Structures are given as C-alpha cells and as structure tokens.
Amino acid sequence: MPYHTFKCSKCIPERTKHAVIKGHDEDLTSCLPLGYLNTIPGSISERGCAFCGAKHVIGTPMKDVIHLCHGPVGCTYDTWQTKRYISDNDNFQFKYTFATDMKEKHIVFGSEKLLKESITEAFKAFPEINRMAIYQTCASALIGDDMDAVAQEVMNEMPDVDIFVCNSPGFAGPSQSGGHHKINIAWVNQKVGTVEPKITSDYVINYVGEYNIQGDQEVMTDYFKRMGIQVLSTFTGNGSYDDLRSMHKADLNVLECARSAEYICNELRVRYGTPRMDIDGFGFKPLSESLLKVGLFFGLEEEAQKIIEEETARWKPELDWYARRLKGVKVCLWPGGSKLWHWANVIHEEMGVEVVSLYTKFGHQGDMEKGIARCGEGALAIDDPNELEGIEAMMELQPDVIFTGVRPGEVAKKLRVQYLNAHAYHNGPYKGYEGWVRFARDIYNAVYSPIHQLSGLDISKDEIDMNNGFVTKN
Ligand code: CFM
C-alpha cells in the first residue's frame, strides 16, 4: 500500500507517512498511516484540543448538570452547542453555558476565589440543579489552581450539591482524544460507586460512548427497553449525573464509540469485573447483529429477533428506495474519529455509495486499520489532514458528497462539493433503523438538490428562467 504524498504538503516531508492509498490485497500492517501523534508544525490541523475532547464531546452531554468552564470566556463559547447532543430535560445542558471568565489579574494573582464564587453563584441561579462539572483550561492549569480543593470546600459547605472536577487542559494530549481518555478515568476515579441504584430488571446495562446526537440514544435505548433490559446509565448522551455514579452495578457495558469511551469500559472491567461488549447502531446489518449479540448475552435472543424483524419490515423498503438512487455515488468519509470505521463498509453495502477517501482527525492507528480494512481498493486514507490536503483530494477525486464537520464542510461548499454534517447530522438521528433511512435521505437530498448548481450562478451573466428554474448560459 503506497504512501501518498500530497503536492501541497511536499514542503512538509513528515506528512508523507500520514496518507496511503489502499491497494489490491494489502497487508494492512505493512503500511498504515501514522496516527495519534502530535500535529506536525506547518500543517494546519483540523483537530480539537484535549479540553474540548473532555468537555464538549463527553462532559457536556450530561443533562442535569451545570457545566462550568474555569478559564477565559472563549473556551466556553467554542465548546458550546454546535453538536446537538439533545436531552429530555428541556435541554438544560444545551441552553446555558457557564464560565469563570478569567482575566489577566487572575493569571497573576490566582483564581481559586473566583472559581468558588462562580460555583456558588451558578448554583444559586439554578436552584433546581445541584450537580456540576468544572473544567480546567490551559490558563487555569498553568497557574496551578487547585480545583479539586475548591470543589471539596464547596461540597463541605453545601451538602446537597455534588461536583465533578475535570483536569484536562487543552495541551493534555495531541488532540481531543487525549481529553476523552482523561475524563473517562476521572469519572471512574471520582464518581463511579458513589450512588447505589434501584435495579428493576435481571438484565442491566450501561450504554457507553453514546452522545445522543439528535436523539441517537433515545432510539437505541428504546430497543434495549423493548428487550426487557434496564439501561442504568448512558455515558453520556442524555445521561444523568447520578445514574452515571452507579455504573458499577451494571451486568454489561455496551460500548458504541470505542474511540472515545473504551477507557471507562476497560477500567470498569478491571475494577468491577463488568464485561465490555462493542456494538454498532449504524446500519441495518451491524445494528441487527448488535441487538442479537446483546440478546445472546442475556438469553434474550427471541426478544431481539422480534425487534429486528419488526423494524426491518417497517424501514427496509424505504432504505432500498434510496439505495437504488445512491448506487455509485462517490463519497469522502471524513469524520473526526470512529465513524470512519462505523460507516465505511455499511454505507457501501446498504446504500451502494463508493467510499473514495476516508480520514480521521484524531483517530489512533487502530481506527485507521479498521477503516482501511472496511473500505474498497483505491481509497485514499488520511490521518490528521490539513485543509489544503482536503482541497487537493476533492479536486482529484471529484466526490459527489463529503461527510464531515462544519468547517471543512464550508470549504467543500466553495468547491461546489456537497457536504453532510457527519458530527451533528443534518436531519438525524442516524442511529437505529429509522435513523439509517434518515441518513440515506440526507445523502439523497445532498446529491440531488439543485441548490449548488443555483449557488454557482453569476446572475450578472447567466439568465434564470423564473418559471421553471432552469438556467440558460449567455
Ligand atoms: Fe466517537 Fe463521537 Fe466520533 Fe468522537 Fe467527535 Fe462526535 Fe465524531 Mo464529532 S465521540 S469519535 S470526538 S463518534 S464529536 S459524537 S461526531 S468527531 S466520529
């Protein structure tokens, strides 16, 4: 599998080993792109920081919690809202964002006092919420504020409240992935085992690595509940703080995004002996196999089979309608992490699209290995891409649509390539049987919508026939 050198990155020779083209019969171990390394100077990476990975990806989907950022105000804004991790408590965690708003004087004289004042002020402003997560940033980490001590002091003074401290400053890892790791471990260390839950079923799971993007969690937990399973907690989408304190009492950890949350599953296995089962809620076949797998674990195969049959009968005809129209559509699969391998194979098999390129911003080599194993020959795989490489790839590969985030998506639009939001979705949820049909519908709309053709018009030169919307070139 030859490494691929981008023309635009010739001046950064270290980039050479970060992209490959999948060849025929490849031995995947011989030539994988490097992964999870520090970004190379000169390459303007699209990655997030470890603070963002901890707070925005994993912390803030928790719903009944004041999420307070201890740092300058910008860190808060830039990790707020854009991901659509909705919840069923009127989206409290989504509507508000909190910051201590550190200034220069706090950097000079310290800001523990400011932190304590902010914590008590926030609790007073929202008396119905008595759980809080406080997040360290680069600024508060560098000056060495002892956030654990401040949190403990407040908890001693206010016995009704509980505070989780997340020490994951932006520099604590090469990317957001470092922050995933930090917050996973911090949660087990500080909170798991501090609440004893009410057990209502013989089959009890934690649903882990699931962030309820546009309702993914609600779709999936509905299946589990229909099987008779108690979902003790979800780490962390639509998840409740106190439920997550009782994770030690589950019989099984059902893990969706292994990239961001395998750490806590592995720790729970070591500390409490709870087994880990990796599943996949995207795509009819992977989802059906996953439900069956969970069913087999508990002896609930029949219950699982019933759901699979009902849902497939209901949604498969619609999926097939889109699949017939999406056959051969060329896509770049450019998410942040695990969707690279969650989607690579199944979008081809179930929707007929061709994956011409895949990338991951912060995935580890194992993620790339799985992604490459699941995509077709000739696909261009890129680790930690930069914007110019993305543009070069789009010019060369001429995809019909790319699945990526808002910022690379805006770049794609300028090249008149359609983009679908792989992170926050366009019209999700995308998990579950119905969700998969929604994804297919979004791809179909992206590919067949005339909007890009229209947006490319120069109205000073082109004539638009207002009656039928067609364009006549002068
Ligand atoms: Fe897991 Fe995620 Fe992802 Fe991820 Fe993310 Fe995300 Fe993503 Mo954006 S936890 S690795 S850090 S599935 S925020 S919900 S969509 S890059 S592929």
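Only a predicted model underlies this, so the values are computations on that prediction, with no experimental measurement involved.

A.B. asks: Report on the nonpolar core, specifying residues and quantitative values.
C.D. replies: Ranked by size, the top nonpolar core spans 92 residues in total, and within it Phe 224, Trp 343, Ile 347 and Phe 403 carry the most contacts. Beyond its immediate stretch of four places on either side in the chain, Ile 347 contacts Val 331, Leu 333, Gly 352, Val 353, Val 355, Phe 403, Trp 436 and Phe 439. In this structure, Phe 92, Ala 122, Ile 134 and Ala 151 belong to the second largest nonpolar core, which totals 20 residues.

A.B. asks: Give a description of the sheet that holds strand β2 (residues 66-70) that names residues and reports values.
C.D. replies: With parallel pairing, four strands are arranged side by side in an open sheet as β3-β2-β4-β5. Strand pairing shows two members of the sheet lacking a second neighbour, β3 (98-99) and β5 (162-166), which therefore form its edges. Here β2 runs beside strand β4 (residues 131-136); their pairing, made up of five bridges, is parallel. Within the sheet, the bridge partner assigned to Cys 69 lies in β4 and is Tyr 135. Relative to the sheet, helix α1 (residues 50-59) contacts β2, β4 and β5, its axis offset from that of β4 by approximately 160°.

A.B. asks: Would you mind going over the sheet that holds strand β12 (residues 380-383) in detail, with residue names and values included?
C.D. replies: Spatially, the six strands line up as an open sheet ordered β1-β12-β11-β10-β13-β14, and their pairing is mixed. Each edge of the open sheet is held by one strand with a lone partner, namely β1 (19-21) and β14 (418-421). Mean inter-strand twist for the sheet, computed between neighbouring axes without regard to direction, equals 15°. Where strand β10 (residues 330-333) and strand β11 (residues 354-360) come together, four bridges link them in parallel fashion.

Conventions used here
- Residues numbered from 1 in each chain as written.
- Predicted model: local features only at pLDDT ≥ 70, side-chain atom pairs only at ≥ 80, totals over all residues.
- Heavy atoms only, no water.
- Core = buried A, V, L, I, M, F, W, Y, C linked by side-chain atoms within 4.5 Å.
- Buried < 20%, exposed > 50% of the residue type's maximum accessible area, 1.4 Å probe, protein only.
- Contact = heavy atoms within 4.5 Å.
- Pairing = 2+ DSSP bridges.
- Helix = DSSP H or I, 4+ residues; strand = E, 2+ residues; numbered from the N terminus.
- Axes fitted to C-alpha atoms, helices over the stretch in contact; angles between N-to-C directions.

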